[in-house]
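Listed below are the residues making up each chain.
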Amino acid sequence: MKEFIQVTVDGIAAGSIYGAVALALVLIYRTTGIVNFAQGEMAMFSTFIAWGLLQADVPLGLAILCTLGLSFAGGMAIERLIIRPVEGSDPLALVIVTLGLLILLNSGAGWIWGFNNRAFPSMFSDDRLDIGGVHISWESIGITGVTLGVVGVLWVFTQKTKLGLAMRAVSMNPESSQLSGIRVGRTLMIGWGLAAAVGALAGALIAPSLFLDVNFMGAVLVYSFAAATLGGFDSPHGAVIGGWIIGVTETLAGHYVDFIGADLKILVPLGIIIAVLMVRPSGLFGSREVARV
Amino acid sequence: MNAATEQRLRVGGLIAVGIFAAAVPFVFGPYRVGQLTLVLAYAVAVLGLNVLVGYSGQISLGHGAFFALGAYTAASLVEKASFPHLLTLPVAFVVAGAAGFLVGLPALRIRGLYLALLTLGLAVATAPLIKRFEGLTGGADGLNVVQPEPPGFLSGLALDQYVYLLTLVIAVPLFALIALMLRSRVGRSLVAIRDNEIVAKSMGINLATMKTGAFAVSAAYAGVAGALYVFSVGFVGPESFTLVLSFAFLAAIVVGGLATVSGAVLGALFIVLVPEYAADVDDALAGVIYGATLILVMYVERRGAVGLARRIWGRATRGRQDRAEREDRGGIPAAGVPTGGT
Amino acid sequence: MRIKSRVQWLIAALLALALIAAGCGRDDDDGGGGGGGGAPGVSDKSIKLGGSYPFSGPASAYGTIGRAAKAHFDWVNSKGGVNGRKIQFVTLDDGYDPARAVSNARRLVTQEKVFALFNTLGTANNLAIWDYTNQQKVPQVYVATGASEFGEDPDKHPFTIGWQPDYVSEAKTYAEFLKKEKPDAKVAVLYQNDSFGKNLTGGFEDAIKGSNIKIVARESYEVTDPTVAPQVTKLADSGADTFLDVTTPKPGAQAIGTVAKSGWKPLHILNNVAASKTLVLKPVGFEAAQGIVSTTYFKDPEDPQWANDPAMKEYKTQLKKFGPKLNPNEPFNAYGWAAAATMVKALQQAGGDLDRDKLMNSVRNMDTEIGLLLPGIRIKTGQGDGYPIQSNQIMRFEDENWKLEGQVINAAEK
């Protein structure tokens, strides 16, 4: 029994990682209706910037804060300069643009910082907590806590602030929003900026245990997509919960079902997604779509 | 320019391209010929994907999986069962087509973003599955596959020339088949579905048949393309069939032109040649150049790009009410008329 | 829509013209045929070598090997070259994709007309091209992979040969070490799910047959996995007292980190590919690395005992000059440098009247020293011996450095 709890706890810890990145994905989707395939690479790039700051002896907390700010600005710039010109045409063209961005950022980071992996310091202590024989590392608790915190902040922001309201309006109906005096362009930029900042934070949370290199987000991204799909692509708390479910099922399956083994354990979350999509296509917490005939 | 001249230009263009295509193996060296063989194979896959995405309005981010399925089918048949190469083509077609049909079934219930993610899952599952069935696939080390030899009466041809011409001879009828199909009632039905499923249904079109059929056909094409790819490369390994491939196919149809047939060739040329030229410019910056080119091409081509992809996403994303309103105001893309070049 | 198709056909026509312009005319010399005078890629003044490396993609960390090799060739050129000829090293990116490796091989052989392919990286990539190279009789030498295939059967693929100690030899070294140090060891194995991981593990299994050493648990991981922590955690619960870690640098670091945080204290055997101070041990923290055991066959650039070694000093000085962007402390760079040095020796030995057969003859009959290899390790090939290096030596991590232990073990003598 204890082993089961341990494995589950490990799964939640892994799932928090997926959820953190999924949050950024969901943010962009919610505000702009676009799936940003470059989200992971943007987060990776931001984490490298933070690493650069650390090399310049900037203390960790300050480095991360600066990176969040820079990423916010970078996200806004990407929206304005790269996405905006293509917006409004087929969403598929936008998908291709984000793919191009993905390739560009991945190669660009390699060109600037090289392809080797490096350490990134953790915001949390190295120790672990021992509750009745079950171990949880402070790092995992930290990642989960921060991610939930971000979900909370986002909720307050979108539900209780004017800007948040504007973002919701723009995502639902850009034309009417514009007519009501909301500056659609500016709102979209802020949406991208926010998502970039959340991604940067996710990167800083994950890099300590995964080690930073140009490809470290690529592996996580697929799981994050799965998490966001499961939870509903327009639901922040759905993304996090989706991440947990995927982390737990994957870890449990890998641990207990020998036939699956480590190489096929990725099929478990994929299988779950298919099942969920068949029963409830909009995900567990996503909003149901209603088609107008 | 009137329609007749237009038509003559089009036919003339086709003939010119045909002559050029046939002349390729005698003009270029083995490396270039190999490249262009790959372009042809990819073009077949991209054409299939275009039928699915551009014409029937569904989406697949995992077409690399069908391509891999066809490639490995051909590879294992040739290497493990001593099949003659040409026979593996219809087998790859059918096997991949069946897989496509199976994927098309759940696709009936999900669309847009969620279908995209489901197919993404396919692409991700490909490499692990290849490695798991090591006996058939050669696992992580891959399989060397002997290339098809020119038959006696063609023995004057070099290997690369023969493989190119073989690929051309297979690709052209495949292209023609799709072009004809798209002009027929089937094509019009697909476009009707793409533009407005509910209206299409009310017109008597069987959504399930058409949509799963589109999936099956597009997957079958990807499968044949995979087999042709194996003939040219002479090797299959899981590292060749990653997400990157599926994304490349998607880029190819959009860059080449959604819902066009010639677009498949253009798109294939793009995804094969641009990364190479980018690497020639600067080794380290190749990816940056390629990514930037992709973005720039979208920037330029967006003007005039068919708005049909909106269809795919409009149902599951924001703006659906907004779009519906715009439709009410008469902005519907013309339904029932196949858009697209030759 | 019509306008669009017209434009599209125009674009197609233009692209076609561009292709014709860019394409070379067809020639009948497809680069084949060894023996006889006038070897392709060799002129009075130069020798052209070709290489295919993963400069992009999941294995991009290994791309630096090619750059270090090029730096070495540039240095050799600055001293006058080999037998009066300067080495031109053309490298192409294959993104670790075997299909691209095939395409690169064809380009290098038929378009660039290289004399030989040097140091192609990756097991699958080399397997993908070795039928072609041997058919065309193009040397495919010193391939960058430890898979045993490349030394096993010289008769079937005479133009292909490896360089580094193969994984099976390495595994034998670990087995011998364990038999002495911990004869009743219960081993847990973490391995990459590809031929590298399976080869080494398989070699280890074979080598412990008949002893009291047992493998009690094994876990694999995929290159695409974000982290190996779950697998390591599972191994930690297996009751093993020894951990055989067959990983590449990043998962290697993750594994060490996970072990350190877990409270499991096994004898940790880390395979050579992941044994870098710069890439693995420093990032994870030296405290976590104490007592880790590995093998090596070349001198560690960060080991203070080689600080005044002439070969090491030369390497560091010249790499800075001819490869300024490269970090001499990275083991991959030392690897590339040493492999290139071997190539230079092989070319030198082949003589001024150079052709492909003579090169292969030279490569397959060598007995020489390379500065960066450990003392006691030589490049040795001969009749029936298709493995240039089969020796390595155990090293153990103490304080802040790897310390060599025991003797150089030559796996060929087992």
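All values reported here derive from a predicted model rather than from experimental measurement.

A. Representation of the overall build of chain B. Counting its secondary structure elements, chain B contains 15 helices and two strands. In chain B, which comprises 342 residues, the share counted as buried stands at 61%. Contacts in chain B between residues far apart in sequence, at least 24 positions, make up 77% of those at least 6 positions apart. Accessible surface computed for chain B: about 12100 Å², of which carbon and sulfur atoms make up 68%.

B. Quick look at the domain arrangement of chain C. Residue and element names in this part refer to chain C. Taken domain by domain, chain C comprises domain 1 (30-164 + 300-383) and domain 2 (167-296 + 393-413). Computed from C-alpha atoms alone, the centre-to-centre distance between domain 1 and domain 2 is 28 Å. The interface of domain 1 with domain 2 comprises 23 residues on the first partner and 18 residues on the second. Both faces combined, the contact of domain 1 with domain 2 buries some 1500 Å², and carbon together with sulfur accounts for 53% of it. For the pair domain 1 and domain 2, the interface holds one salt bridge. One salt bridge in this structure joins Glu302 and Lys282, with 3.5 Å as the shortest N-O distance. Connecting domain 1 to domain 2 are four residue pairs in polar contact (both at pLDDT 80 or more). Per-class residue counts for the side of domain 1 that touches domain 2 are nine nonpolar, nine polar and five charged.

C. Fine view of a nonpolar patch on the surface. Residues Met1, Phe4, Ile5, Tyr256 and Val257 of chain A make up a contiguous nonpolar surface patch of roughly 500 Å² in combined accessible area. For Val257 of chain A, the location among the structural elements is in the loop between α10 (236-256) and α11 (261-264).

D. Seen up close, the confidence of the model for chain B. All names here are of chain B. Predicted confidence across chain B gives a mean pLDDT of 83, with 87% of residues reaching 70 or more. Across residues 303-316, where pLDDT falls below 50, the model places 52 contacts with residues more than four positions away in sequence or in other chains. In this model, residues 328-342 is a region of pLDDT below 50 whose contacts with residues beyond four sequence positions or in other chains number 33 contacts.

E. Seen up close, unusual backbone geometry. Notably, Phe211 of chain A is not glycine yet its phi reads approximately 70°, a positive angle. Assignment of secondary structure puts Phe211 of chain A in the loop between α8 (184-210) and α9 (216-231). Taking relative accessible area as the criterion, Phe211 of chain A reaches 5% and is therefore assigned buried. Its identity as a non-glycine residue notwithstanding, Asp399 of chain C has a phi of 55°, on the positive side. Among the structural elements, Asp399 of chain C can be located in the loop between β13 (391-398) and β14 (401-404). Given the relative accessible area of 54%, Asp399 of chain C is considered exposed.

F. Broad picture of the packing of aromatic side chains. Residues and elements named next belong to chain C. This structure, assessed with the given rule, holds 32 aromatic pairs over all chains. Ring geometry for Tyr53 and Phe55: centres 5.9 Å apart, planes at 40°, overall tilted. With respect to burial, Tyr53 and Phe55 carry one shared label: buried. Between Trp163 and Tyr297, the ring centres sit 6.0 Å apart and the planes meet at 70°, which makes this aromatic pair edge-to-face. Of this pair, Trp163 sits in the loop between β5 (160-162) and α6 (167-181) while Tyr297 sits in the loop between β10 (293-296) and α12 (310-322); the two residues are 134 residues apart in sequence, bridging distant segments of the chain.

G. Seen up close, the sheet that holds strand β1 (residues 46-53) of chain C. Residues and elements named next belong to chain C. Judged by pairing direction, the sheet is parallel, and its five strands sit side by side in the order β2-β1-β3-β4-β5 without closing on themselves. The sheet terminates laterally at β2 (86-93) and β5, the two strands that pair on one side only. Each strand axis lies, on average, 25° off the axis of its neighbour in the sheet, ignoring direction. Bridging between β1 and β2 involves eight bridges; their strand directions are parallel. Within β2, the residue paired with Tyr53 across the bridge is Asp93.

H. Spotlight on the interface of chain C and chain A. On the chain A side, the residues contacting the 27 residues of chain C number 25 residues. The contact between chain C and chain A buries some 2200 Å² in all, and 52% of this surface belongs to carbon and sulfur atoms. Counting the surface chain C buries against chain A, the share from its top three residues, Pro226, Lys250 and Lys261 of chain C, is 28%. Here chain C and chain A share one salt bridge between them. A salt bridge links Lys250 of chain C to Asp213 of chain A; its shortest N-O distance comes to 3.1 Å. Across the contact surface, chain C and chain A share seven residue pairs in polar contact (both at pLDDT 80 or more). Taken together, the elements giving at least two residues each to the side of chain C that touches chain A come down to β7 (214-221), α8 (229-236), α9 (249-262) and α10 (277-284) of chain C.

I. Spotlight on the pairing of β2 of chain C. Here β2 of chain C lies mainly inside the structure; six of its eight residues are buried. With respect to chirality, the unit in which β1 of chain C leads through helix α2 (residues 63-78) of chain C into the neighbouring parallel β2 of chain C is right-handed.

J. Structural context of the pattern of salt bridges. For the structure shown, the criterion picks out 23 salt bridges over all chains. Of the charged contacts in the structure, one is a salt bridge between Glu276 of chain B and Arg107 of chain C, with a shortest N-O distance of 3.6 Å. In this pair, Glu276 of chain B is assigned in helix α12 (residues 262-281) and Arg107 of chain C in helix α3 (residues 98-111), connecting two distinct chains. Judged by relative accessible area, which is 10%, Glu276 of chain B ranks as buried. Among the residues examined, Arg107 of chain C registers a relative accessible area of 9% and is labelled buried. Between Asp355 of chain C and Lys358 of chain C there is a salt bridge, with its nearest N and O atoms 3.8 Å apart. According to the relative accessible area criterion, Asp355 of chain C is buried, its value standing at 10%. Relative accessible area serves as the criterion here: at 32%, Lys358 of chain C is assigned to the partly exposed category. Salt bridges here are not isolated pairs; linked through shared partners, they connect Arg32, Glu276 and Asp280 of chain B together with Arg107 of chain C.

K. Inspection of the environment of Glu239 of chain B at higher detail. Locating Glu239 of chain B in the fold gives a position in the loop between β2 (235-236) and α11 (243-256). Put simply, Glu239 of chain B and Leu47 of chain B are 192 residues apart on the chain and 23 Å apart in space, counted from C-alpha to C-alpha. Setting aside its immediate chain neighbours within four residues, Glu239 of chain B contacts Pro58, Tyr96, Asp97 and Pro98 of chain C.

L. Highlighting the packing of helix α3 (residues 63-80) of chain B against α11 of chain B. All names here are of chain B. Where α3 contacts α11, the axes come no closer than 7 Å and their chain directions differ by 115°. If you check the angle between α3 and α11, you find them roughly perpendicular. α11 is crossed by α3, and the crossing has right-handed handedness. Judged by residue contacts, His63, Gly64, Ala65 and Phe67 of α3 engage Leu245, Ser246 and Phe249 from α11.

M. Structural context of the environment of Thr260 of chain B. As for its position among the elements, Thr260 of chain B is in the loop between α11 and α12. For the pair Thr260 of chain B and Arg183 of chain B, spaced 77 residues apart in sequence, the C-alpha to C-alpha distance is 12 Å.

N. Inspection of the packing of α8 of chain C against α9 of chain C at higher detail. All names here are of chain C. Remark: α8 packs on α9, axes separated minimally by 9 Å, with the N-to-C direction vectors making an angle of 45°. Between α8 and α9, the interaxial angle falls into the category oblique. For the pair α8 and α9, the sense of crossing is right-handed. Each of Ala229, Val232, Thr233 and Ala236 in α8 lies in contact with α9, whose residues at this interface are Ala255, Thr258, Val259 and Ser262. By residue class, the composition of the contact of α8 with α9 is five nonpolar, three polar and no charged.

O. Highlighting the side chain of Ser60 of chain C. Mapped onto the elements of the fold, Ser60 of chain C is located in the loop between β1 and α2. Setting aside chain neighbours within four positions, we find Ser60 of chain C in contact with Phe115, Val214 and Asn215 of chain A together with Pro54 and Phe55 of chain C.

P. Highlighting the pairing of β14 of chain C. Residues and elements named next belong to chain C. Relative to β14, β13 is paired through four bridges, and the arrangement is antiparallel. Across the sheet, Arg396 pairs through a bridge with Lys403, a residue of β14. Here β13 folds back onto β14, and the loop between the two strands holds two residues, one of which, Asp399, carries a positive phi near 55°.

What counts, and where the lines are drawn
Residues numbered from 1 in each chain as written. Chains lettered and ligands numbered in written order. Predicted model: local features only at pLDDT ≥ 70, side-chain atom pairs only at ≥ 80, totals over all residues. Heavy atoms only, no water. Helix = DSSP H or I, 4+ residues; strand = E, 2+ residues; numbered from the N terminus. Buried < 20%, exposed > 50% of the residue type's maximum accessible area, 1.4 Å probe, protein only. Contact = heavy atoms within 4.5 Å. Areas by Shrake-Rupley, 256 points an atom, 1.4 Å probe, with all protein chains shown as cover. Domains from an automatic or database assignment. Buried area = accessible area lost by both parts, 1.4 Å probe. Salt bridge = Lys/Arg side-chain N within 4 Å of Asp/Glu carboxyl O. Polar contact = N/O pair within 3.5 Å; in protein donor to acceptor, adjacent residues only side chain to side chain. Nonpolar A, V, L, I, M, F, W, Y, C, P; charged D, E, K, R; others polar. Patch = residues over 30% accessible without salt bridge, like charges linked within 9 Å, V, L, I, M, F, W, Y side chains within 5 Å. pLDDT = per-residue confidence, 0-100. Phe/Tyr/Trp six-rings, centres within 6.5 Å; stacked < 30°, edge-to-face > 60°. Pairing = 2+ DSSP bridges. Axes fitted to C-alpha atoms, helices over the stretch in contact; angles between N-to-C directions. Right-handed = clockwise from strand over helix to strand, strands pointing away. Parallel < 35°, antiparallel > 145°, perpendicular 65-115°, else oblique. Left-handed = near helix turned anticlockwise from the far one by under 90°.

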